[in-house]
Amino acid sequence: MRSPHDFIRTNLDLIPAPSVPEIQLFRAHPRSGLSRLLGEDGATPYWAYGWAGGTVLARYLLDHPEVAAGRTVLDLGTGSGIVAIAAMKAGAASAMAVDIDANAIAAATLNAEANGVEITTIEADLLDGPAPEADLILVSDLFYDKATAERLTAFLLRCDADILVGDPGRAYLPHPYLTAIAEYDVPDFGVGHSGKSSAVYRFFK
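Residues numbered from 1 in each chain as written. Predicted model: local features only at pLDDT ≥ 70, side-chain atom pairs only at ≥ 80, totals over all residues. Heavy atoms only, no water.

**Brief notes about the packing of aromatic side chains**
- In total, this model carries two aromatic pairs according to the counting rule given.
- Between Tyr46 and Trp51, the aromatic rings sit 5.9 Å apart at their centres with planes inclined by 65 degrees, giving edge-to-face as the arrangement.
- On the numbers, 5.5 Å between centres and 20 degrees between planes, the contact of Tyr177 with Phe203 is stacked. A residue pair is termed long-range when its members are at least 10 positions apart, and Tyr177 in the loop between strand E7 (162-167) and strand E8 (178-184) and Phe203 in strand E9 (residues 198-203) qualify at 26 residues.
- For Phe203, a relative accessible area of 6% corresponds to the buried category. (Phe/Tyr/Trp six-rings, centres within 6.5 Å; stacked < 30°, edge-to-face > 60°. Helix = DSSP H or I, 4+ residues; strand = E, 2+ residues; numbered from the N terminus. Buried < 20%, exposed > 50% of the residue type's maximum accessible area, 1.4 Å probe, protein only.)

Structure representation (structure tokens):
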């Protein structure tokens with residue numbers, strides 16, 4: 001069976017990310033045939049599409065490079081790797097990109113290479129473990145269901161790092177712990193430009 005890296009290189013298009021044209025990403029198109037990579041029980045390929053939370057957070061980091069410059073960064077639920085890549089382009093000392101999907105890890109690695117930056121990737125679920133060593137934790141598009149949101153919020157409350165969240169306003173955002181610091185009109189997968197801004201939030205305790 002062809003490796004995920006080979007499949008992505010061959011069947012996805014490397015194109016500038018909408019609203020973040022400084023970054024190129026491998027993106028699925030109607031002829032990509034992702035089912036051949038995923039199989040019958042494969043994880044949903046969130047990494048192959050553009051989501052508003054990652055887009056808005058990447059845009060913010062590139063517009064405000066001082067946020068990440070010189071810092072060690074952890075990108076939770078990295079997906080395509082767009083946020084980790086933006087952090088490195090902003091001058092981060094290092095970026096660790098974490099996801100539970102092996103195909104996302106492959107995509108993030110290839111996308112980082114295509115953009116001339118180096119990231120560390122880890123296939124793991126960190127949410128029930130100890131707080132990681134990082135100066136800055138970046139979270140995008142992960143508050144998509146109640147159970148995940150509760151686990152993620154508990155994890156972030158254990159962390160000592162600065163934390164930024166990118167999200168288009170999903171129902172399970174932990175609003176008592178968030179304050180919005182920037183808004184952008186960016187597209188979301190399946191919606192496009194809805195006219196509703198997505199936000200970058202600072203997570204505080």
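**Observations concerning the packing of helix H1 (residues 4-11) against helix H5 (residues 102-114)**
- Where H1 meets H5, the closest approach of the two axes is 9 Å, and the angle between their N-to-C directions is 60 degrees. If you check the angle between H1 and H5, you find them oblique. Between H1 and H5 the crossing geometry is right-handed. When H1 is examined against H5, the residues Pro4, His5, Ile8 and Arg9 are found in contact with a partner set consisting of Asn103, Ala106, Ala107, Thr109, Leu110 and Glu113. (Axes fitted to C-alpha atoms, helices over the stretch in contact; angles between N-to-C directions. Parallel < 35°, antiparallel > 145°, perpendicular 65-115°, else oblique. Left-handed = near helix turned anticlockwise from the far one by under 90°. Contact = heavy atoms within 4.5 Å.)

**Topic: the sheet that holds strand E6 (residues 136-140)**
- Reading across from one edge, E5-E4-E3-E6-E7-E9-E8 is the order of the seven strands in this open sheet, with mixed pairing throughout. Only two strands of the sheet have a single partner each, and these edge strands are strand E5 (120-123) and E8. Direction aside, the axes of adjacent strands within the sheet are offset by 20 degrees on average.
- Sheet topology note: the E8/E9 ladder contains six bridges and is antiparallel. In the strand pairing of E9, Tyr184 is matched with Ser198.
- Along the sheet, helix H3 (residues 52-63) contacts E6, E7, E8 and E9; its crossing angle with E7, the most-contacted strand, is approximately 130 degrees.
- Along the sheet, helix H4 (residues 82-89) makes contact with strand E3 (72-76), strand E4 (94-99) and E6, crossing E4 at roughly 180 degrees. (Pairing = 2+ DSSP bridges.)

**Regarding the nonpolar core**
- Membership of the largest hydrophobic core comes to 36 residues, with the highest contact counts inside it found for Ile23, Leu61, Ile82, Ile119 and Leu138.
- Residue assignment for this core shows that the elements contributing at least two residues are strand E2 (20-27), H3, H4, E4, H5, E6 and E8.
- In this structure, Leu138 is in contact with Leu57, Leu61, Val73, Leu74, Asp75, Leu76, Val83, Ala87 and Leu164, ignoring residues within four places of it in sequence.
- Val98, Ala134, Phe155 and Val165 belong to the second largest nonpolar core, which has 22 residues in total. (Core = buried A, V, L, I, M, F, W, Y, C linked by side-chain atoms within 4.5 Å.)

**Regarding the pairing of E4**
- The pairing of E3 with E4 spans five bridges and is classified as parallel. Looking at the pairing, Leu76 lines up with Val98 of E4.
- The parallel pair E3 and E4, bridged by H4, forms a crossover whose chirality is right-handed.
- Two strands pair when backbone bridges link them, and E4 and E5 are joined in this way by four bridges, in the parallel orientation. Residue Met96 lies in a different strand from E5, and its bridge partner there is Thr120.
- Read as a crossover between parallel neighbours, the route from E4 over H5 to E5 is right-handed. (Right-handed = clockwise from strand over helix to strand, strands pointing away.)

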